[in-house]
Amino acid sequence: MNVQQTQISAADIVSRRDAGSGWHAQIPDDKAMLRAARDLTKDISDHRADIYWPDMIGSALVGYSLLAGAILVESVPLAIGLGVLAVLALYRALLFIHEISHFRNGALPGFRTAWNALVGVPMLTPSFMYEQVHTLHHKRTQYGTIADPEYLPLALMKPLSLPTFVLVALLAPAALLFRFAVLVPLGALFPPVRQLTWQRFSALAINPEFRRRPPEGDLPRRVFWLELGGMLWSWVLIGSIFAFGWKPLLVALAIFSVVAVLNQLRTLVAHLWENEGDAMTVTAQFLDSVNVPPPGRIAELWAPVGLRYHALHHLMPSMPYHSLPEAHRRLVAALENTSSYHGANHAGMGVLVARIARNTMRPRG
């Protein structure tokens, strides 16, 4: 099948980008691309339990086994090697929170509960921290605006903003431990603390202006039990110091900190971050997002669970992660080389970081 792209060519996109700020607002929707994304992928839209369950459980169990090895071995080089492998496995397990945030009612019964028990609560990042938050990032009228919890115009900020953005993630595990061990019980006693904790410290957001609204639907009950579980687990972690000494907790926090930094690096290159706050068309949102498709393989380590196809995910947010590679192959084969679809495909993390860094160094009018 060959689909002609009629809205805007790749050359036009490059020209408009080079023209300077505000180029996103000038991009009309590429109806041919949107139609192809809809029509060519209907048969691969089901969430397959035989892929989700083994992948999630296997990643978590391998990660915890490697974490235990890093704690128990005496050799520092071996501990570091086991720690690096633990980071990759636990990072993959953690990123299923992204899939869960897009689950429709009835998709994979029991998966969210199992993930929270195995990954979310033990890593103090339960699913409610992304549910009813991440979907705001996909709203047509909110993406890239001040109302988007997951957007900052990083490419338009000062150069030091990039290393600061990445390195602040090192503090995430300690901050989460404090949230659940201290703020949750205080919030149960003092409503203002509870309100502050919910609005400011209960969402995986990067926009400092974002304030979380009260939970809706069946989420309040889930929040109660997950916060209770997180609070009890945080006390267990702190109490482990008296039973086993500092080493286990410090090694675990170090590994979780590296997981957080790796995720922050992925976030840094998930978009081009060049929007100045205006509402954007679906195609403009797609082109401000990033695919890092094969033949390179390393992207599967730093952007697992389908996130190497982040731009494609913005076209089809409900598409399960295991179907995104096939959807990408079909669209590449079907769309002309001049299609705007190819404008979101990039070579790798290094190229993207360099692009954003160069943009931060441009003089601003």
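Conventions and cut-offs
- Residues numbered from 1 in each chain as written.
- Predicted model: local features only at pLDDT ≥ 70, side-chain atom pairs only at ≥ 80, totals over all residues.
- Heavy atoms only, no water.
- Axes fitted to C-alpha atoms, helices over the stretch in contact; angles between N-to-C directions.
- Helix = DSSP H or I, 4+ residues; strand = E, 2+ residues; numbered from the N terminus.
- Parallel < 35°, antiparallel > 145°, perpendicular 65-115°, else oblique.
- Left-handed = near helix turned anticlockwise from the far one by under 90°.
- Contact = heavy atoms within 4.5 Å.
- Core = buried A, V, L, I, M, F, W, Y, C linked by side-chain atoms within 4.5 Å.
- Buried < 20%, exposed > 50% of the residue type's maximum accessible area, 1.4 Å probe, protein only.
- Salt bridge = Lys/Arg side-chain N within 4 Å of Asp/Glu carboxyl O.
- Nonpolar A, V, L, I, M, F, W, Y, C, P; charged D, E, K, R; others polar.
- Phe/Tyr/Trp six-rings, centres within 6.5 Å; stacked < 30°, edge-to-face > 60°.
- Lys NZ or Arg CZ within 6 Å of the ring centre and 35° of its normal.
- Patch = residues over 30% accessible without salt bridge, like charges linked within 9 Å, V, L, I, M, F, W, Y side chains within 5 Å.
- Areas by Shrake-Rupley, 256 points an atom, 1.4 Å probe, with all protein chains shown as cover.

### Comments concerning the packing of helix α4 (residues 76-94) against helix α12 (residues 247-268)
Two measures define how a pair of helices packs: the angle their axes make with one another and the distance between the axes. Here α4 crosses α12 at 60°, and the two axes come no closer than 9 Å. Relative to α12, α4 is oriented oblique. Considering the relative orientation of α4 and α12, their crossing is right-handed. Every residue of α12 that contacts α4 at Gly 83, Ala 86, Val 87, Leu 88, Leu 90, Tyr 91 and Leu 94 is listed here: Ile 255, Phe 256, Val 258, Val 259, Leu 262, Asn 263 and Arg 266.

### So, the nonpolar core
Ranked by internal contacts, the top residues of the largest apolar core, which has 44 residues, are Leu 67, Phe 96, Phe 111, Trp 115, Val 119, Ile 255 and Trp 302. Elements represented by at least two residues in this core include exactly α3 (49-72), α4, α5 (96-101), α6 (111-120), α12, α14 (299-302) and α17 (349-360). With sequence-adjacent residues up to four places away left out, Ile 255 is seen in contact with Leu 67, Ala 70, Gly 83, Ala 86, Val 87 and Leu 90.

### Looking at the environment of Ile 100
You can see Ile 100 is positioned in helix α5. Not counting the four nearest positions on each side in its chain, Ile 100 is found in contact with Phe 111, Arg 112, Trp 115, Ser 127 and Glu 131.

### Here's the deal with the pattern of salt bridges
Within the structure shown, the criterion is met by 14 salt bridges. Here Arg 222 ties to Glu 131 by a salt bridge, and the two come within 3.0 Å at their closest N and O atoms. Here the residue Arg 222 occupies a position in helix α11 (residues 219-244), and Glu 131 occupies one in the loop between α6 and α7 (134-137), the gap between them amounting to 91 residues. Here Arg 222 matches Glu 131 in class, with each residue buried. The residue Asp 218 makes a salt bridge to Arg 222 at a minimum N-O spacing of 3.4 Å. Where salt bridges share partners, they join Asp 43, Glu 326, Arg 329 and Arg 330 into one cluster.

### A closer look at the packing of α3 against α12
Contact geometry for α3 and α12: axes closest at 9 Å, N-to-C directions at 130°. When the interaxial angle is binned, α3 and α12 end up oblique. Relative to α12, α3 is oriented so that their crossing is right-handed. Listed contacts from α12 to Leu 67, Ala 70 and Ile 71 of α3 are Lys 247, Pro 248, Val 251, Ala 252, Ile 255 and Phe 256. For the contact of α3 with α12, the class distribution of residues is eight nonpolar, no polar and one charged.

### Considerations on the packing of aromatic side chains
By the definition in use, this model includes 13 aromatic pairs. Across from the ring centre of Phe 180, 4.6 Å away, lies the NZ or CZ of Arg 179, which sits over that ring.

### Description of the environment of Val 184
Relative to the helices and strands, Val 184 resides in helix α9 (residues 172-189). Each C-alpha atom, one on Val 184 and one on Val 261, is 25 Å from the other, the two residues being 77 residues apart in sequence. Leave out the neighbours within four places in its chain, and Val 184 touches Arg 179, Glu 227 and Met 231.

### Description of unusual backbone geometry
Put simply, Pro 294 and Pro 295 share a cis peptide bond, and its omega is 25°. Assignment of secondary structure puts Pro 295 in the loop between α13 (282-287) and α14. In the Ramachandran plot, Leu 108 falls in the positive-phi region, its phi being about 50° despite a non-glycine side chain. Within the secondary structure, Leu 108 sits in the loop between α5 and α6. If you check the backbone angles, Gln 132 has positive phi at about 60° while not being a glycine. Structurally, Gln 132 can be placed in the loop between α6 and α7.

### What about a nonpolar patch on the surface?
Residues Phe 178, Val 182, Leu 186, Leu 189 and Phe 190 make up a contiguous nonpolar surface patch of roughly 460 Å² in combined accessible area. Within the element layout of this structure, Leu 189 appears in helix α9. Look at Leu 189 and you get exposed, because its relative accessible area is 63%.

### As for the environment of Val 292
Relative to the elements of secondary structure, Val 292 occurs in the loop between α13 and α14. For Val 292, a relative accessible area of 4% gives the class buried. On a C-alpha basis, the gap between Val 292 and Arg 308 in space is 5.2 Å, while along the polypeptide they are 16 residues apart.

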